There are 2 protein chains.
Amino acid sequence: MPAKPKLPTLDDVAKAAGVSTATVSRCLNAPDRVVKATKDRVLAEVARLGYTPNFGARAMAAKRTFTVGAIIPTMDNAIFARGLQAFQEQLHERGYTLLVSSTSYRPEIEAEQVRTLVARGADGVLLIGYDRDAAIYEYLASRSVPTLIAWAYDKENPQPSVGFDNRASMQALAQLVWDHGHRRIGVISGTTQGNDRARRRLEGLRDVFAQNGLPHEALKVIETPYGVKNGGIAFAKLMAGDMPPSVVMCGNDVLAVGAVRRAHLMKLDVPRDVSITGFDDIELARIVSPPLTTVHVPHRKMGRAAANALIDMVETDSIGPFPPLQSKIRMRASLADINGNVTGTPDP
Amino acid sequence: MPAKPKLPTLDDVAKAAGVSTATVSRCLNAPDRVVKATKDRVLAEVARLGYTPNFGARAMAAKRTFTVGAIIPTMDNAIFARGLQAFQEQLHERGYTLLVSSTSYRPEIEAEQVRTLVARGADGVLLIGYDRDAAIYEYLASRSVPTLIAWAYDKENPQPSVGFDNRASMQALAQLVWDHGHRRIGVISGTTQGNDRARRRLEGLRDVFAQNGLPHEALKVIETPYGVKNGGIAFAKLMAGDMPPSVVMCGNDVLAVGAVRRAHLMKLDVPRDVSITGFDDIELARIVSPPLTTVHVPHRKMGRAAANALIDMVETDSIGPFPPLQSKIRMRASLADINGNVTGTPDP
DNA sequence: TTGTAGGCGTTATCAC
DNA sequence: GTGATAACGCCTACAA
């Protein structure tokens with residue numbers, strides 16, 4: 001262990017400026033409660049010595065850490081990376097620092113991560129989606145740690161959240177597909193177990209087709225884990241029968257990209273032979289050929305909004321509700337009507 | 001501010017177990033220095049009360065936080081997101097937590113972020129690439145905070161680092177391009193100012209073509225900021241003259257994807273009319289059509305290795321050197337020889 | 001093996 | 001407006 005040179009402390013600054021530690025502390029935390037002359041002198045010393053408050057000490061004395069924790073499935077996924085980046089930027093803007101943990105898609109370790117974050121004094125915690133063991137919510141509540149759900153919004157659920165309505169968004173897309181005349185529908189859904197976002201999307205889609213009177217057997221659903229490859233495999237299965245779907249709706253863009261690429265391999269023209277839709281509108285959606293008709297989600301806006309909401313919860317005891325964010329459909333060339341006519345933006 | 005329920009403290013546990021706080025502390029930090037009978041009794045109380053050590057207090061008393069900080073340009077970029085995810089996973093594996101900051105590509109705010117991380121008691125710090133103000137290195141050194149550079153490896157540079165040799169990697173690719181018979185070369189480089197990774201790549205490429213005697217005017221270089229769109233714009237410029245290059249080598253895959261898409265728009269066939277190469281081998285590289293010939297970088301391996309290296313530096317005072325990671329060329333269909341024959345994997 | 005007591009750096013509550 | 005001073009919760013010599 002290297003012998004850490006002693007960092008300058010409040011005391012050092014106080015001595016150097018010829019005032020008490022209390023005054024230095026005030027200069028930093030309540031600048032208006034100190035007269036300008038002394039303030040200038042103190043701040044000059046702060047700068048000269050390169051003083052930075054000691055975190056542990058401050059946490060202990062003030063019972064605040066200006067740290068918030070986030071637990072996400074993984075950063076290695078464009079939809080979380082994007083929002084998390086914006087979340088962190090906004091946190092920084094407001095003087096907070098981000099502590100991250102990831103479950104690597106193993107929900108069973110989330111409880112432990114929550115404990116770790118709380119033990120580290122996180123002033124608030126960000127979680128993705130609603131689905132999790134009730135014990136986690138209870139633990140957080142018992143410790144009075146402000147907790148915000150992101151990437152989902154369900155007006156029925158009392159948990160404070162910042163996100164969009166996955167179900168309603170998918171309903172809009174499904175209705176669009178229906179209006180394009182499609183009556184044989186294939187669906188590639190992400191894993192719904194323990195993932196309310198995927199589940200809501202699937203529900204939204206079923207809602208619409210049922211309402212419109214689509215016979216049950218005309219809707220074929222395959223559920224599969226995340227990944228380009230998995231999307232391709234599921235697509236091949238859906239297209240295998242003798243009455244293949246005219247459109248394959250995917251639970252997210254990554255699955256959809258897998259489907260598109262598999263279609264190419266199978267010498268199927270998208271969208272003439274089969275239409276494909278996605279969800280999320282990640283960068284990939286515009287780059288694949290043909291570009292995906294998908295649901296655009298304001299990831300960065302959501303990240304920023306989540307940061308502001310969570311900090312407000314921490315600082316003002318607010319508990320929302322926060323207004324849902326709006327998603328919107330992006331019409332692109334991967335969706336055609338039942339006659340093969342594309343109404344979206346042509347490639348590219 | 002919600003009134004936080006008072007968490008159990010060491011003292012509470014000590015009282016409940018009828019021992020001193022020192023004993024409780026030892027049970028937790030040096031279990032073998034306490035007799036089994038009392039240890040059992042103490043640990044039972046710890047569990048019953050749901051005691052967790054207070055982080056701030058522990059940090060102050062022990063001068064260790066089991067926290068490491070990372071400062072990256074942005075999480076919203078596949079190459080950092082991947083490595084960072086692996087870094088975090090390995091940190092967690094070894095009992096550490098990750099504090100993240102991002103510069104959003106504004107190097108001038110890095111110094112401040114470093115201070116913040118150090119003030120928060122980060123036991124070590126991860127930085128991307130070598131290029132930065134010397135004052136930052138001095139600050140870190142003066143505080144004896146173990147600092148590791150990632151995403152780059154330069155054997156000339158004494159800073160401990162975990163990464164690969166950007167220059168040598170690009171040299172290998174450039175030689176391959178040369179061997180394919182290309183003699184009119186276009187280059188789209190990322191911004192080299194303050195970015196040694198981009199600069200080294202460009203150097204590697206110049207090295208090879210100069211060595212092989214390529215006339216100076218046959219190498220046209222455009223430097224541009226990161227982004228698909230920027231890649232496209234640069235590509236259009238390079239192809240504008242009456243002696244356009246037969247190959248366009250890009251500093252990263254994102255620029256290359258921009259180039260490929262712009263080529264489509266310009267009705268140019270890749271690679272028959274012009275070859276295009278990338279660097280990084282992100283997922284996109286395999287999805288774009290044609291797939292990119294590029295340099296594969298082991299992002300996850302690098303993230304894990306960085307975590308291990310940094311923790312070793314923190315715990316054992318090691319300062320490396322750590323062995324460089326190996327990149328390798330991925331031959332795919334975006335590169336053809338000068339006669340238009342593809343030797344890489346055909347699409348897809 | 002276990003207990004006592006000092007100190008870590010800050011904030012907050014009082015007096016002055 | 002400013003200065004003492006008492007917490008805050010834990011670790012770790014040092015003593016017993």
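All figures in this text were calculated on a predicted structure; none of them were measured in a lab. (Residues numbered from 1 in each chain as written. Chains lettered and ligands numbered in written order. Predicted model: local features only at pLDDT ≥ 70, side-chain atom pairs only at ≥ 80, totals over all residues. Heavy atoms only, no water.)

Just to check I follow, could you spell out the protein's contact with DNA strand D for this structure?
Close contacts around DNA strand D come from 23 residues, with A:Thr23, A:Arg26, A:Val34, B:Leu10 and B:Tyr51 the closest. Considering DNA strand D, the proportion of its atoms within 4 Å of the protein that are sugar or phosphate atoms stands at 66%. Here a phosphate oxygen of DNA strand D sits 3.0 Å away from a polar atom, N or O, in the main chain of A:Val35. Here B:Asn54 contributes a backbone N or O atom positioned 3.2 Å from a phosphate oxygen of DNA strand D. The set of elements that each furnish at least two residues to the surface near DNA strand D consists of α2 (21-29) and α4 (55-62) of chain A together with α2 (21-29) and α4 (55-62) of chain B. Sort the elements by how many residues they give to the surface near DNA strand D and α4(B) lands first, with four residues. Here the surface near DNA strand D is composed, by residue class, of 13 nonpolar, seven polar and three charged. (Near = heavy atom within 4 Å. Polar contact = N/O pair within 3.5 Å; in protein donor to acceptor, adjacent residues only side chain to side chain. Helix = DSSP H or I, 4+ residues; strand = E, 2+ residues; numbered from the N terminus. Nonpolar A, V, L, I, M, F, W, Y, C, P; charged D, E, K, R; others polar.)

Would you explain the protein's contact with DNA strand C in this entry?
Looking at DNA strand C, there are 24 residues lining it, with A:Leu10, A:Ser25, A:Tyr51, B:Thr23 and B:Val34 nearest. By atom count, sugar and phosphate contribute 71% of the portion of DNA strand C lying within 4 Å of the protein. Here a phosphate oxygen of DNA strand C sits 2.4 Å away from a polar atom, N or O, in the main chain of A:Leu10. The separation between a phosphate oxygen of DNA strand C and a polar main-chain atom of A:Asn54 is 3.1 Å. Secondary-structure elements contributing two or more residues to the surface near DNA strand C are α2 and α4 of chain A together with α2 of chain B. In the surface near DNA strand C, the residues fall into 13 nonpolar, eight polar and three charged.

Which parts of the structure should I look at to understand the interface of chain A and chain B?
Interface extent is often summarised as the accessible area lost during association of the parts. Chain A puts 62 residues into the contact, and the matching count from chain B is 62 residues. Of the roughly 5300 Å² buried at the junction of chain A and chain B (both faces included), carbon and sulfur atoms supply 55%. Counting the surface chain A buries against chain B, the share from its top three residues, A:Met75, A:Arg120 and A:Ile287, is 13%. Counting the contacts that link chain A with chain B gives two salt bridges. The partner of A:Arg82 in a salt bridge is B:Asp76, with the nearest N and O atoms 2.7 Å apart. (Contact = heavy atoms within 4.5 Å. Buried area = accessible area lost by both parts, 1.4 Å probe. Salt bridge = Lys/Arg side-chain N within 4 Å of Asp/Glu carboxyl O.)

For this particular structure, what's the right way to read the UniProt feature "domain: HTH lacI-type" (unreviewed entry) in chain A?
Listed under "domain: HTH lacI-type" (unreviewed entry) in the UniProt record, and renumbered for this structure, are residues 8-62 of chain A. Along residues 8-62 of chain A one finds 71% helix and 0% strand; the C-alpha atoms at either end are 20 Å apart. (UniProt positions renumbered as here; feature names shortened; annotations may be inferred.)

Which parts of the structure should I look at to understand the pattern of salt bridges?
Oppositely charged side chains can pair when the atoms bearing their charge come close. Applying the stated criterion to the full structure yields 34 salt bridges over all chains. The residue A:Asp281 makes a salt bridge to A:Arg330 at a minimum N-O spacing of 3.6 Å. Of this pair, A:Asp281 sits in the loop between β9 (275-277) and α12 (283-287) while A:Arg330 sits in strand β11 (residues 328-330), and the two are 49 residues apart along the sequence. Note that B:Asp281 is salt-bridged to B:Arg332, the shortest N-O span being 3.1 Å. Residue B:Asp281 is found in the loop between β9 (275-277) and α12 (283-287), and its partner B:Arg332 is found in the segment after β11 (328-330); the two are separated by 51 residues along the sequence. Here the two residues B:Asp281 and B:Arg332 agree in accessibility, since each one is buried. It is possible to trace a salt-bridge network through shared partners that takes in A:Asp154, A:Arg167, A:Arg200, A:Glu203 and A:Asp207. (Buried < 20%, exposed > 50% of the residue type's maximum accessible area, 1.4 Å probe, protein only.)

Sorry, what's going on with the pairing of strand β7 (residues 219-223) of chain A here?
For a regular strand, side chains alternate in direction, first toward one face of the sheet and then toward the other. Residues and elements named next belong to chain A. Two strands pair when backbone bridges link them, and strand β6 (residues 185-189) and β7 are joined in this way by five bridges, in the parallel orientation. From the neighbouring strand, Gly 186 faces β7, where its bridge partner is Lys 220. The parallel pair β6 and β7 is bridged by helix α9 (residues 196-211), and the resulting crossover is right-handed. (Pairing = 2+ DSSP bridges. Right-handed = clockwise from strand over helix to strand, strands pointing away.)

Looking at this structure, I do not really get the packing of aromatic side chains. What am I missing?
To describe a pair of aromatic rings, one takes the distance between the centres and the angle between the planes. Applying the stated rule across the entire model yields eleven aromatic pairs over all chains. Ring centres 6.3 Å apart and planes at 25° place the aromatic pair B:Phe164 and B:Phe279 in the stacked group. Residue B:Phe164 is found in the loop between β5 (161-162) and α8 (166-179), and its partner B:Phe279 is found in the loop between β9 and α12; the two are separated by 115 residues along the sequence. One exposure class covers both B:Phe164 and B:Phe279, and it is buried. Over the ring of A:Phe66 we find A:Arg64, and its NZ or CZ is 4.3 Å from the ring centre. (Phe/Tyr/Trp six-rings, centres within 6.5 Å; stacked < 30°, edge-to-face > 60°. Lys NZ or Arg CZ within 6 Å of the ring centre and 35° of its normal.)

Which parts of the structure should I look at to understand unusual backbone geometry?
Leaving glycine out, the prevailing phi sign among residues is negative, and the prevailing peptide bond configuration is trans. Of the consecutive residues A:Val270 and A:Pro271, the connecting peptide bond is found in the cis state with omega at 10°. Within the fold, A:Pro271 resides in the loop between α11 (253-265) and β9. Note that the residue after A:Gly320, namely A:Pro321, is joined by a cis bond; omega there is 0°. Structurally, A:Pro321 can be placed in the loop between α13 (299-316) and β11. Backbone geometry at B:Tyr105 places phi at a positive 60°, although glycine is not the residue there. Residue placement: B:Tyr105 occurs in the loop between β2 (97-102) and α6 (110-119). For B:Trp151, which is not glycine, the phi dihedral falls at a positive 70°. With respect to the helices and strands, B:Trp151 occurs in the loop between β4 (147-150) and β5. Judged by relative accessible area, B:Trp151 falls into the buried class, the value being 5%.

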